[in-house]
Structure formats: C-alpha cells, structure tokens
2 protein chains.
Amino acid sequence: MATGRTHRPATRSRGIPEATVARLPLYLRALTALSERSVPTVSSEELAAAAGVNSAKLRKDFSYLGSYGTRGVGYDVEYLVYQISRELGLTQDWPVVIVGIGNLGAALANYGGFASRGFRVAALIDADPAMAGKPVAGIPVQHTDDLEKIISDNGVSIGVIATPAGAAQQVCDRLVAAGVTSILNFAPTVLSVPDGVDVRKVDLSIELQILAFHEQRKAGEESAEGGPLPAAASRGAAADDSADQGPDGDVPAVMPA
Amino acid sequence: MATGRTHRPATRSRGIPEATVARLPLYLRALTALSERSVPTVSSEELAAAAGVNSAKLRKDFSYLGSYGTRGVGYDVEYLVYQISRELGLTQDWPVVIVGIGNLGAALANYGGFASRGFRVAALIDADPAMAGKPVAGIPVQHTDDLEKIISDNGVSIGVIATPAGAAQQVCDRLVAAGVTSILNFAPTVLSVPDGVDVRKVDLSIELQILAFHEQRKAGEESAEGGPLPAAASRGAAADDSADQGPDGDVPAVMPA
DNA sequence: TGTTGTGAATTCATTCACAGCG
DNA sequence: CGCTGTGAATGAATTCACAACA
C-alpha cells in the first residue's frame with residue numbers, strides 16, 4: 001500500500017482513486033500486448049478480460065482519465081496506450097537505484113521489465129566492498145559510501161531497497177535525505193519516512209501468509225458449522241485429504257523462539 | 001490484492017475482512033519482534049506504531065478475531081502471537097514449491113523468512129535439464145517433467161511461480177491440475193484459474209509504475225500545467241521536501257459531457 | 001445497433017468517539 | 001484512571017443499470 005499522504009479532497013479535477021491507479025499498469029500491459037499484435041481497437045469487455053477485471057470497473061476507471069472511447073466501437077489501442085502511459089508518468093524515463101545487491105537485488109537488476117518502459121537502472125549500490133566494481137547485469141556495483149553522490153548526480157527520485165531487514169531503515173533515511181521521494185521496499189520491515197515520500201512494499205512472507213489463511217479456510221470447510229466460537233483454542237482442524245498437513249489441532253502456546 | 005476468485009459466498013463461516021487478513025502478518029511480525037525482546041504486553045497504540053497503522057484500525061482488526069486484550073492494560077504479546085498465527089494457519093507447516101529457478105527463483109529459495117515460520121520449501125522445479133540435480137539453497141532442483149509427482153508426493157497446496165511470463169500460465173495450469181490451490185505469481189502475467197484457487201501476484205513493474213504516477217504528480221505541482229494533451233517530457237529532479245499539496249492548478253476534465 | 005460513460009445503489013474499509021471494564 | 005472493544009458515521013471502491021450517442 002502506498003503510505004503516501006492522501007491527496008486534497010478539494011478540487012474535483014485530477015482525483016484519480018488510488019485503486020484505479022493501481023490497475024492502470026495492468027491495463028497498460030494488456031494494451032501493449034494488443035498493440036504488438038496490431039489490434040486497432042478493443043472493447044471494455046475484451047480488455048477487461050485480458051486484464052483480469054470486470055468491464056464495469058474498467059470503464060469506470062477510464063472515466064477518471066477522460067472520455068477516450070467511442071460508443072458502439074470501443075477504445076483505440078494506440079491512443080489508450082499513450083494516454084495511460086502519460087498518466088502514469090512513463091513518457092519520461094525514471095532513473096532508479098537498487099540498494100542491496102544480494103540474490104534479490106541481482107535478480108531485480110537482471111529483470112527485463114525493469115528497463116523496458118519508463119525506468120532505467122541508474123546504479124547498483126551495495127555495502128560490501130568486495131562487490132564494488134563487479135558488474136551485475138552489466139552495471140558495476142558501487143559502494144554505499146557514495147550513495148548520496150550517486151543519487152544527486154543521476155537525479156534519482158525512485159529507490160529500490162533490497163537489503164537485509166536490519167539495514168533497510170538506515171538506507172531509507174539516507175535515500176530520503178539525498179532526495180529520493182519514492183521507495184520500493186523489498187526488505188521485511190516497516191519503513192518510516194517523512195510526509196511527501198511514498199513507500200510501497202513487496203513482501204514475500206506476507207503474501208504467503210495471506211495465502212495460508214485462505215488455504216486453511218478451504219481445508220476446514222464441508223462441515224456446516226460456523227459458530228464464532230468464542231473460546232480461544234478449540235476447533236479441531238477437521239479436514240479431509242487434499243491439503244492439510246499436520247493435524248495438530250491445538251497447540252498450547254508459543255511458537256516462536 | 002488477491003486476484004482470482006476467492007472464497008465462495010456459500011458457507012459464510014468467519015467474516016474476517018480481507019483488508020484485515022492482509023494486515024495480520026504485519027501485526028504478527030511486530031509482535032514477534034516484541035516477543036524476542038521479551039516484552040510481555042503491548043498497547044494498541046504501541047503495536048500500531050510498530051506495524052505502521054493507526055490504533056483504531058488495529059483494535060478493529062483484532063476485534064474480528066475475538067477479545068484478546070485486557071482493558072486498561074493492553075495485549076499479551078505471546079498470546080496474541082499464538083492467536084494470530086493460528087488464525088493465519090501458521091501453526092502447521094505448509095510445503096511450498098518454487099517453479100522457475102532463475103535469478104529470482106534462486107533468490108526466493110534463499111530467502112530466509114521463507115523457511116522460517118509456517119512454510120517449508122519442499123521442492124525447486126525448473127524446465128532446464130541442465131539445472132536438474134544442481135542444489136540451490138541446499139535443495140536439489142528437479143525437472144518440470146516430475147511436477148505432478150512432486151506436488152502429490154509432498155502434499156503441496158501452495159505454489160510459487162517465478163518463471164518467465166510466457167511459461168507462467170502453463171505452469172499454473174499444471175500446478176492446479178496437480179492439486180495446488182494457492183499460487184503466488186511473480187511472473188508479469190494475469191493468470192486465469194478455476195474457482196476455488198487463490199492467486200496473489202507480486203509485480204515489480206506495476207509497483208514502480210504506481211510510484212511513478214505519484215512521483216510525477218509531485219513534480220508537476222508548482223506550475224498549473226498538466227493539461228490533457230501536452231506531451232510530458234521535462235522535469236527537473238528538483239527535490240524539495242514536503243511536496244504533495246499544491247495550490248492546485250486544475251485542469252478542465254476534458255470532456256465532462 | 002453496440003458500447004461507452006456515469007449517476008445511483010451497494011458493499012467494503014476506515015475513522016470517530018465513547019461506553020464499559022479491568 | 002487507561003485502554004480496549006465496538007456501534008455509528010464517514011469515506012472509498014465496486015457494481016448495477018441505463019441513457020447517451022457514434
């Protein structure tokens with residue numbers, strides 16, 4: 001979630017809802033695919049299917065951008081690609097730095113979709129002196145000492161943090177102090193930043209835990225129970241085959257170390 | 001956001017809002033940290049700060065789980081850790097397979113937080129025969145041919161897709177056919193899955209694009225420009241702090257009709 | 001005709017504010 | 001007292017359903 005400040009509610013003009021903004025990249029990807037296949041126009045229904053949303057939502061989303069469709073026909077693919085790109089700020093190139101070139105940082109640096117549209121890996125930064133100079137994805141890794149200079153020399157405003165959790169806040173503080181105002185955080189920590197700085201996080205274990213929640217829910221179905229059972233621990237994890245490992249119904253307490 | 005169809009509306013067992021579920025892992029992490037420091041109790045205010053949310057929200061979230069606090073005192077850390085773990089289904093161990101052992105897949109396999117609490121990397125799978133047998137993160141990579149057998153032998157219900165976009169849907173189909181009902185997708189594609197299967201996606205370029213949107217918005221706040229058609233191109237990386245508000249230079253919304 | 005664009009209705013999420021209890 | 005738990009109020013997002021219109 002964007003930690004960013006909520007925007008002014010006042011004037012009615014450019015109020016694109018956050019949920020809509022989050023879907024624009026999806027639409028853009030689907031449109032780009034169509035564009036590559038030289039499809040000239042697309043209906044809300046088709047595009048919605050390709051993007052994995054429903055068409056009413058898509059039309060509502062587009063309505064916040066303006067009236068870019070043609071009734072009875074659909075949307076012009078090229079035109080929409082341009083409009084959405086512009087709205088997302090992808091008609092310019094954003095230099096990005098990646099801090100923390102471990103396994104993950106290297107994977108990110110090598111990730112193709114990165115450089116593709118609107119973004120450019122301006123620098124890779126790592127705290128390990130042994131890495132300095134070593135090229136990753138064709139870009140030489142630089143040492144953390146030079147972080148501030150790198151940021152300002154390259155006019156970087158977007159930073160990616162792929163360090164261990166322990167280093168993340170410190171790196172974040174330095175990035176922000178150096179002028180970065182948007183951060184994508186892969187470290188499993190809550191970052192605190194001043195107002196005006198946006199943070200988004202990507203967190204593997206959170207995603208897995210959310211999946212586990214639903215998975216558990218699936219396993220414990222069939223029986224038509226449903227009482228909110230107030231007591232702390234009861235609920236025999238009555239499950240059947242399919243998915244369900246340890247039938248360890250209730251555990252007294254404490255699992256961490 | 002969970003893509004894909006989620007839970008059936010049928011048996012309306014336990015109504016924990018999705019937004020709350022998505023925050024439980026955050027609370028759990030904060031609580032685990034407190035637990036490690038042997039902090040016995042914590043107030044909603046403190047815990048909320050540690051998790052980066054506000055305290056009213058946190059209390060409301062916990063209220064869906066039950067009444068686990070003590071008025072005038074706060075929450076017992078150990079007890080809450082257990083309750084949330086149980087709610088998330090982390091009192092059992094979920095075997096997970098990772099498909100696609102490239103840069104990213106390897107990074108995921110090596111990721112510590114993975115194996116830590118509630119999850120276990122049961123197998124690594126890759127389509128490249130040259131990788132077969134090679135250990136990554138101490139686990140030998142297996143070939144895609146054996147995917148179905150691996151899934152069923154290990155009772156896997158959660159799969160992670162870290163393949164190139166082109167292979168993702170196919171891998172997904174095979175995982176689902178083999179019995180996987182939760183998928184974490186790192187490939188930049190919309191996966192389509194049957195009802196009852198949950199998909200969550202992690203997508204670097206979507207996150208960056210969302211950041212770029214806000215970044216652009218910050219940059220274009222002094223001048224009253226930003227019209228519908230003018231091509232965007234300039235931007236002076238002028239990093240002043242506290243951008244966000246703006247006296248507002250609003251644009252006629254193109255075609256209110 | 002076929003499809004967009006959008007008010008109105010609905011559902012979901014957050015925040016407020018305070019009663020209730022330890 | 002202090003802090004939780006929660007109804008009630010507000011706000012955001014989604015969905016419905018249909019008028020507008022190329």
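These numbers were taken from a predicted model, which means no experiment stands behind them. (Residues numbered from 1 in each chain as written. Chains lettered and ligands numbered in written order. Predicted model: local features only at pLDDT ≥ 70, side-chain atom pairs only at ≥ 80, totals over all residues. Heavy atoms only, no water.)

Trainee: Explain the overall build of chain A to me, please; I cannot follow it from the model alone.
Mentor: When helices and strands are tallied, chain A shows 9 helices and 10 strands. Considering chain A as a whole, with its 257 residues, one finds that 46% of them fall into the buried category. Long-range pairs, those at least 24 residues apart, make up 55% of the contacts in chain A between residues at least 6 apart in sequence. Just so you have it, chain A exposes about 11600 Å², and 55% of that area is on carbon and sulfur atoms. (Helix = DSSP H or I, 4+ residues; strand = E, 2+ residues; numbered from the N terminus. Buried < 20%, exposed > 50% of the residue type's maximum accessible area, 1.4 Å probe, protein only. Contact = heavy atoms within 4.5 Å. Areas by Shrake-Rupley, 256 points an atom, 1.4 Å probe, with all protein chains shown as cover.)

Trainee: Sorry, what's going on with the UniProt feature "DNA-binding region" (unreviewed entry) in chain A here?
Mentor: Mapped onto the present numbering, the UniProt feature "DNA-binding region" (unreviewed entry) falls at residues 26-65 of chain A. For residues 26-65 of chain A, helix accounts for 75% and strand for 5%, while the C-alpha atoms at its two ends are 15 Å apart. (UniProt positions renumbered as here; feature names shortened; annotations may be inferred.)

Trainee: Please clarify how the sheet that holds strand β6 (residues 135-136) of chain A should be interpreted in this entry.
Mentor: Within a sheet, adjacent strands bond to each other through the backbone by hydrogen bonds, running parallel or antiparallel. Reading across the sheet, the 7 strands line up as β6-β7-β5-β4-β8-β9-β10 (chain A) and stay open at both edges, with mixed pairing between neighbours. Of all the strands in the sheet, the pair left with one neighbour each is β6 and β10 (198-201) of chain A. (Pairing = 2+ DSSP bridges.)

Trainee: Help me understand helix α1 (residues 18-36) of chain B, please; the structure alone is not making it clear to me.
Mentor: Residues lying three or four places apart along an α-helix face the same way, a consequence of the helix completing one turn every 3.6 residues. All names here are of chain B. Between its first and last C-alpha atoms α1 spans 28 Å; for 19 residues at 1.5 Å apiece the expected length is 27 Å, and the two agree. The largest bend in α1 is about 25°, located at Leu24, with the proline Pro25 one to four residues further on. Among the residues trailing α1, Ser38 stands out with phi positive, at a value near 55°. (Expected span 1.5 Å × (residues − 1). Bend = angle between axes of the 7 residues up to and from the residue.)

Trainee: Can you walk me through the protein's contact with DNA strand C in this structure?
Mentor: The immediate surroundings of DNA strand C are formed by 24 residues, with Ser44, Arg59, Gly72 and Tyr75 of chain A together with Arg23 of chain B found nearest. Sugar and phosphate atoms represent 63% of those atoms of DNA strand C found within 4 Å of the protein. Contact between DNA strand C and Asn54 of chain B: a phosphate oxygen at 3.0 Å from a side-chain N or O atom of the residue. Contacts to DNA strand C include Arg71 of chain B, whose side-chain N or O atom sits 3.2 Å from a base nitrogen. Put simply, the parts of the chain that give the surface near DNA strand C at least two residues each are α3 (55-65), β2 (69-70) and β3 (74-76) of chain A together with α1 and α3 (55-65) of chain B. Its residues assigned to classes, the surface near DNA strand C shows 6 nonpolar, 10 polar and 8 charged. (Near = heavy atom within 4 Å. Polar contact = N/O pair within 3.5 Å; in protein donor to acceptor, adjacent residues only side chain to side chain. Nonpolar A, V, L, I, M, F, W, Y, C, P; charged D, E, K, R; others polar.)

Trainee: When you look at the UniProt feature "binding site: NAD(+)" (unreviewed entry) in chain A in this model, what are you seeing that I'm missing?
Mentor: Using the residue numbers shown here, the UniProt feature "binding site: NAD(+)" (unreviewed entry) corresponds to Gly100, Ile101, Gly102, Asn103, Leu104 and Gly105 of chain A. Tracing the backbone shows Gly100 of chain A in the loop between β4 (94-99) and α5 (103-110). In contact with Gly100 of chain A, not counting residues within four places along its chain, are Gly105, Ile125, Asp126, Ala162 and Thr163 of chain A. When you line up the elements, Asn103 of chain A lands in helix α5. Non-local contacts of Asn103 of chain A, meaning those with residues more than four positions away in its chain, are made with Asn103, Ala107 and Asn110 of chain B.

Trainee: Can you help me understand the pairing of strand β7 (residues 139-143) of chain A in this one?
Mentor: Within a regular beta strand, the side chains point alternately toward one face of the sheet and then the other, so they alternate between its two faces. Residues and elements named next belong to chain A. With 3 bridges joining them, strand β5 (residues 119-126) and β7 adopt parallel strand pairing. Among the inter-strand pairings, Leu124 is bridged to a residue of β7, identified as Val141. As judged from the 2 bridges shared by β6 and β7, these two strands associate in the antiparallel manner. Directly across from Val136, in β7, lies its bridge partner Ile139. Joining the antiparallel neighbours β6 and β7 is a turn of 2 residues, in which Ala137 adopts a positive phi near 55°.

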